[in-house]
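Results of the structural survey
As a plain string of letters, each chain reads:
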Amino acid sequence: MAKVTVGLVQMSCTADKVENLKKAEQKVREAARKGAQIVCLQELFTSLYFCDVEDYDNFKLAEPIPGPSTDALGKAAAEEGVVVIASLFEARAKGIYHNTTAVIDADGTYLGKYRKMHIPDDPAYYEKFYFTPGDLGYKVWKTRFGTLGVLICWDQWYPEAARITALMGAEILFYPTAIGWATSQDEATNNEQYSAWQTIQRSHAVANGVHVVSVNRVGFEQDGAMKFWGGSFVSNPFGSILYQASHDKEETAIVTIDTAETDRYRTHWPFLRDRRIDSYAPIEKRYID
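Here, residues in each chain are numbered from 1, in the same order as that chain's written sequence. The predicted nature of this model means local features are confined to residues of pLDDT at least 70 and side-chain atom pairs, given and counted, to a pLDDT of 80 or more, with totals for whole chains, interfaces and linings taken over all residues. No hydrogens and no water enter the side-chain calculation; it runs on all heavy atoms of the structure.

Describing the overall build of the chain
- What counts as a helix is a DSSP run of H or I of at least four residues, what counts as a strand is a run of E of at least two, and both are numbered from the N terminus. Within the chain, the secondary structure is distributed over five helices and 15 strands.
- For 289 residues, the compact-globule estimate of 2.2 N^0.38 gives 19 Å, and the chain sits close to it at 18 Å.
- Expressed as lengths along the three principal axes of its C-alpha atoms, the size of the chain is roughly 50 × 50 × 40 Å.
- When accessible area is computed with a 1.4 Å probe and restricted to protein chains, residues below 20% of their type maximum are described as buried, those above 50% as exposed, and intermediate ones as partly exposed. For the chain, buried positions account for 52% of its 289 residues.
- When contacts within the chain are restricted to residue pairs at least 6 apart in sequence, those whose partners lie at least 24 apart make up 70%.
- For the chain, the exposed area adds up to about 12,900 Å²; of that, 53% sits on carbon and sulfur atoms.
- For the purpose of charge, His is not counted, nor are the chain termini; Lys and Arg are scored as positive and Asp and Glu as negative. Charge positions are represented by NZ for Lys, CZ for Arg, CG for Asp and CD for Glu. For the chain, the centre of its 31 positive side-chain charges and the centre of its 38 negative side-chain charges are spaced 5 Å apart. Within these notes, the globule rule equals 2.2 Å times the number of residues to the 0.38 power, and the radius of gyration is based on C-alpha atoms. In this description, contact between two residues means that some pair of their heavy atoms is separated by no more than 4.5 Å. A 1.4 Å probe and the Shrake-Rupley method give the accessible areas. Residues count as covered only by the protein chains that appear here.

Notes on the packing of helix α1 (residues 17-33) against helix α2 (residues 68-80)
- To obtain each axis, a line is fitted to C-alpha atoms, and for helices this fit is confined to the stretch in contact; angles are then taken between N-to-C directions over 0 to 180 degrees. Relative to each other, α1 and α2 sit at 20°, their axes nearing to 10 Å. When the interaxial angle is binned, α1 and α2 end up roughly parallel. Viewed along their axes, α1 and α2 form a crossing whose handedness is right-handed. On α2, the residues that touch L21, E25, V28, R29, A32 and R33 of α1 are S69, A72, L73, K75, A76, E79 and E80. Roughly parallel refers to an angle under 35 degrees, roughly antiparallel to one over 145, roughly perpendicular to one between 65 and 115, and oblique to any angle outside these ranges. Left-handed is the label given to a crossing in which the near helix is rotated counterclockwise from the far helix by less than a right angle, and right-handed is the label when the rotation is clockwise.

With respect to the pairing of strand β11 (residues 218-221)
- We treat two strands as partners when DSSP finds at least two bridges between them. With four bridges connecting them, β11 and strand β12 (residues 226-229) associate as antiparallel partners. From the neighbouring strand, V218 faces β12, where its bridge partner is W229.
- Here β11 folds back onto β12 in antiparallel fashion, the turn holding four residues, of which Q222 has a positive phi close to 55°.

Re the side chain of T46
- Along the chain, T46 turns up in the loop between β2 (38-41) and α2.
- Residue T46 is classed as buried on the basis of its relative accessible area of 6%.
- When sequence neighbours within four positions are dropped, the list of residues in contact with T46 reads D16, K17, N20, S69 and L88.

Re the packing of aromatic side chains
- Any two of the Phe, Tyr and Trp rings considered here, Trp counted by its six-membered ring, make a pair once their centres fall within 6.5 Å; the pair's planes then place it as stacked at under 30 degrees, edge-to-face at over 60, or tilted in between. Using the criterion set out here, one finds 26 aromatic pairs in the structure.
- On the numbers, 6.4 Å between centres and 25° between planes, the contact of Y114 with Y138 is stacked. Of this pair, Y114 sits in strand β5 (residues 110-115) while Y138 sits in the loop between β5 and β6 (140-143), and the two are 24 residues apart along the sequence. Each member of the pair, Y114 as well as Y138, is classed as buried.
- Judged by centre distance (4.9 Å) and plane angle (85°), the ring pair of F238 and W269 falls under edge-to-face. Separated by 31 residues along the polypeptide, F238 in the loop between β13 (233-235) and β14 (241-244) and W269 in the segment after α5 (261-268) bring together distant segments of the chain.
- The class of W269 is partly exposed, set by a relative accessible area of 47%.
- Through a chain of ring-to-ring contacts, three or more aromatic side chains come together here, namely F50, Y56, F59, F89, Y97, F129, Y130 and F131.
- Geometry around F228 places R217 over its ring, the cationic atom sitting 5.5 Å from the centre.
- Ring-over charges, as used throughout, are those where CZ of Arg or NZ of Lys falls within 6 Å of the ring centre and within 35 degrees of the ring normal. The ring of Y265 has R264 sitting right over it, with the charged end atom 4.6 Å from the ring centre.

So, the environment of D71
- Assignment of secondary structure puts D71 in helix α2.
- What makes D71 exposed here is its relative accessible area of 54%.
- It is 9.6 Å that separates the C-alpha atoms of D71 and I104, two residues lying 33 residues apart in sequence.

Considering the sheet that holds β12
- Judged by pairing direction, the sheet is antiparallel, and its three strands sit side by side in the order β9-β12-β11 without closing on themselves. At either margin of the open sheet sits one strand with a lone partner, and together these are β9 (180-182) and β11. The mean inter-strand angle of the sheet, taken between neighbouring strand axes irrespective of direction, is 20°.

Set out below in C-alpha cells:
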C-alpha cells in the first residue's frame, strides 16, 4: 500500500500495570476507529519510567514476549484490523532482561520483536542496570499495511541504526521513546534539548528518504522531578513535520502518509545512489586515532 494511516498514542502512565495496559488497548481501539492502520505506542507504556532509580524490585515489571501484554494487544489488533507496535520490558531468562518492542499484525499475529541496541546510562536514565543490549540486530516486518522498521529511544541518536534499518527495506521508521525534562531546568535548555531530539530524527528521514514516526510519553513522573515532554511527531522524507503533538497533553493522533513519496525523494536527491560503501570500513572502529 502506498498511502497508510498511522496512529500515535501519546499518553501518561501510572504505577498500575494493569491500568496502563487497559488504557493502551483503549487508545489502540480509538486510533483504529479514527482510521489508523498502524498504531505505535510509546516506550515502556505498561509502567512509569522506572529507570530513574536502580531498584531490583523493578525487575518484577518484566514479562515474556510473546506474553500477557502481546496477547491482549493481539486481540485488540485482530478485532480492529490494525497493526500494533508495542514497547515492553522483556523477561528473557533469569538475569537477562531487554527493552523490547513487539510487532503485531492486523490479524492479531505476533510477527516478532526488536531488542533495543543502544542502552543509555545517564542521571535518571539508568537503563544499563536493567537492560541487556539487543542481540537480534536491526529488524523490519512486512505487515498488512506496509514494511516497517522499529528502533527504540536512545537508538534515535545513531544514524547507523536508521541507515541499516532503511537499507533492509523499511518504508517507515518508528521510534517508541521515553524522554523528558528535569523540572529544575530552564526553558532555554528544554527548547534546545527538544530541538536536538527532533532534528536528529528528521535527519534520519532525509538521509534515508523515508517517513519517521516518533512517539513519546507525557506527564510528570519521579515525584514531579521529571516532565516527559511528549512532542510526538511525524516527519516526511524531506524532514518536514506533518504532525507534532503538544508537550503536556495526552493525544491519539492520526496521520496519513504516502510511502510512494520515497521513490520521488530518493531519485531527486539520490543519497543512497551516491553512497561510497567502499570507503566506510573505518566506521567499525570505536574511534579513529
